Amino acid sequence: MYAIVNIAGQQFKVAKDQHLFVHRLQGDEGASIEFDNVLLVDNDGKITVGVPAVKGASVTAKIVSHLKGDKVIVFKKKRRKGYKKKNGHRQYFTKIQIESITL
């Protein structure tokens, strides 16, 4: 059984006991959260597609940890002009574990 769910503006294909890295979510580590915006559910070959979401379907997950991603270097340069800018960025992520998918 799997589902396609919209989490923080992104769509993820999730299954039970799967670990995911999503954009930072509100909540403490160990807290349980529920996602109601389920777009598709596959229950042993029986596919249910929502318009735009499946009514009554939800995905429950547990927040495992909050962390930061790898550093991304942003480097801008204009040739022959002496213009160089270097900037770094680290994205905030939340690691979640899918506990259940209910219809």
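Residues numbered from 1 in each chain as written. Predicted model: local features only at pLDDT ≥ 70, side-chain atom pairs only at ≥ 80, totals over all residues. Heavy atoms only, no water.

Draft legend 1. How the structure looks around the sheet that holds strand β7 (residues 58-78). If you walk across this open sheet you meet the 4 strands as β3-β8-β7-β4, and the pairing is antiparallel. At either margin of the open sheet sits one strand with a lone partner, and together these are β3 (19-23) and β4 (32-35). The sheet shows a mean angle of 50° between the axes of neighbouring strands, taken without regard to direction. Bridge analysis of β3 against strand β8 (residues 83-102) gives 5 bridges, and the strand direction is antiparallel. The residue bridging L20 from the neighbouring strand is I96, located in β8. (Pairing = 2+ DSSP bridges. Helix = DSSP H or I, 4+ residues; strand = E, 2+ residues; numbered from the N terminus. Axes fitted to C-alpha atoms, helices over the stretch in contact; angles between N-to-C directions.)

Draft legend 2. Broad picture of the sheet that holds strand β6 (residues 46-49). Within the open sheet, the 4 strands sit side by side as β2-β1-β5-β6. Their pairing is antiparallel. Edge positions in the sheet fall to β2 (10-15) and β6, since each of these pairs with one other strand and no more. With direction set aside, neighbouring strand axes in the sheet form an average angle of 20°.

Draft legend 3. Seen up close, the pairing of β2. The pairing of strand β1 (residues 2-7) with β2 spans 6 bridges and is antiparallel. Its bridge partner lying in β2, N6 is registered against Q11. Counting the residues between successive antiparallel strands, the hairpin from β1 to β2 contains 2 residues, one of them, A8, with a positive phi of roughly 55°.

Draft legend 4. Structural view of the pattern of salt bridges. One pass over the structure, following the stated rule, counts 1 salt bridge. Here K16 ties to D17 by a salt bridge, and the two come within 3.7 Å at their closest N and O atoms. On the accessibility criterion, K16 (53% relative accessible area) is exposed. (Salt bridge = Lys/Arg side-chain N within 4 Å of Asp/Glu carboxyl O. Buried < 20%, exposed > 50% of the residue type's maximum accessible area, 1.4 Å probe, protein only.)

Draft legend 5. Representation of unusual backbone geometry in the model. For the bond from V51 to P52, the omega torsion is -10°, close enough to zero to count as cis. As for its position among the elements, P52 is in the loop between β6 and β7. A positive phi angle, close to 65°, is found at D17, a residue other than glycine. In this fold, D17 is placed in the loop between β2 and β3. The phi dihedral of R80 is positive, around 65°, even though this residue is not glycine. Position of R80 among the secondary structure elements: in the loop between β7 and β8.

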